[in-house]
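# Survey of secondary and tertiary structure
Read off the chains here:
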Amino acid sequence: MHVKCIWQTGVHNAFTDLIAWQDALWCVFREGSAHVSPDGAFRILRSDDRGQQWQSVAVLRHATADLRDAKFAVLPDGRLMLYGAGALHDNTPISHQSFAWFSETGADWSQPVAIGEPNIWIWRLTWRQQEALALGYHCGPGSRFVRAYRTSDGIAFQALATDIYGGSYANESAIVFEHDGTALCLLRRDPDNGLFGLARPPYTEWQWQDIGCRIGGPQWLQLDNGRLLACVRLYDERIRTSLCWIDRQTGMLTEWQALPSGGDCSYAGMLIKEQRLYLSYYSSHEGQSRIYFAETTLP
């Protein structure tokens, strides 16, 4: 595996995503003065040579919010979508609002559009055909719950189920689709173990299994042979970012290999091109919180 730091200019650089679009790789992350700070912004990097060289092409800020946990998606019409949550400076009565931006070039972006419901953190969209499925979790005061949504344009989000998991504090998630449309979900819970979930259309009823350990920042992919490969933060022994296999029958997680990482870390972007796995993630194991890019050959 080859790993290198691709950004360390900000005081705190964290929470990444990675996508292949328009013959280039694109990486986005939060840049701010601390892990939580009012000046959080989204910086976008582009690489035209599969991650060898990177250049900053845009920085998105919001006048009334700390921007957090940016994610990419490609819309059915080919535009690039960037979305994440805003922790609002004036948090009464709303503490969080999810926002989206849209671009035809990756460098020039629309004005932010509020998406989803107030105080619902839309985590990650996964597209199948002309629609995307996403989970959002409730922020702020009141009961905690996870809600399933669908969207066809990245702006209008329709709730499919009011609460698909109402146990302990469930929050961050990642979804992959089986060929028949079955949705598989990797779900973070705090302070409990993560969950492996399954739902069939219309995604209103979910079955959950304990994966056997606590995780953070989940992201995963389904390989051509059907195996499920995740990148998560692990908390046992020492905190680290690691690639792990998920058993689709038992839901159990098995660590494959740890990435150079430690402390404040994880939140990976993942993609596969020609049997090569490409990853973005952040870590503070070298002192400052920095953005890293990794590539390896799949087994």
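Further up the page is the structure itself.
Reference entry: report on the structure contained in this document. (Residues numbered from 1 in each chain as written. Predicted model: local features only at pLDDT ≥ 70, side-chain atom pairs only at ≥ 80, totals over all residues. Heavy atoms only, no water.)

## Regarding the packing of aromatic side chains
Tallied over the entire structure, the rule returns 21 aromatic pairs. A ring pair is formed by Phe 196 and Trp 220, whose centres lie 6.1 Å apart and whose planes are at 85°; its orientation type is edge-to-face. One end of the pair, Phe 196, is in strand β16 (residues 195-199); the other, Trp 220, is in strand β18 (residues 215-222), and 24 residues separate them in sequence. Considered together, Phe 196 and Trp 220 belong to a single accessibility category, that of buried residues. Taken together through their ring pairs, the aromatic side chains of Phe 15, Trp 121, Trp 123, Tyr 137, Tyr 169, Tyr 267 and Tyr 282 make up a single cluster. It is Lys 71 that lies over the ring of Trp 123; its NZ or CZ is 3.9 Å from the centre. For the cation-ring pair, Arg 144 lies above Tyr 169, with the distance from its terminal atom to the ring centre recorded as 4.2 Å. (Phe/Tyr/Trp six-rings, centres within 6.5 Å; stacked < 30°, edge-to-face > 60°. Helix = DSSP H or I, 4+ residues; strand = E, 2+ residues; numbered from the N terminus. Buried < 20%, exposed > 50% of the residue type's maximum accessible area, 1.4 Å probe, protein only. Lys NZ or Arg CZ within 6 Å of the ring centre and 35° of its normal.)

## Things to note about the sheet that holds strand β8 (residues 96-103)
Strand order in this open sheet of four strands is β6-β7-β8-β9, and the pairing throughout is antiparallel. The open sheet is flanked by β6 (65-74) and β9 (113-115), the only strands paired with a single partner. Taken over all neighbouring pairs, the strand axes of this sheet differ in orientation by 35° on average, direction set aside. For β6 and strand β7 (residues 80-88), the ladder comprises eight bridges, and the chain directions are antiparallel. Paired with Phe 72 across the bridge in β7 is Leu 82. (Pairing = 2+ DSSP bridges. Axes fitted to C-alpha atoms, helices over the stretch in contact; angles between N-to-C directions.)

## Digging into the pattern of salt bridges
For the structure shown, the criterion picks out 18 salt bridges. Taking the shortest distance from any N to any O, the salt bridge between Asp 264 and Arg 233 comes out at 3.7 Å. One end of the pair, Asp 264, is in the loop between β21 (253-258) and β22 (265-273); the other, Arg 233, is in strand β19 (residues 228-234), and 31 residues separate them in sequence. Given a relative accessible area of 10%, Arg 233 falls into the buried group. Of the charged contacts, one joins Arg 240 and Asp 236 as a salt bridge, the two residues approaching to 3.2 Å between their closest N and O atoms. Here the salt bridges do not stand alone but share partners, grouping Glu 172, Arg 188, Asp 190 and Arg 214 into one network. (Salt bridge = Lys/Arg side-chain N within 4 Å of Asp/Glu carboxyl O.)

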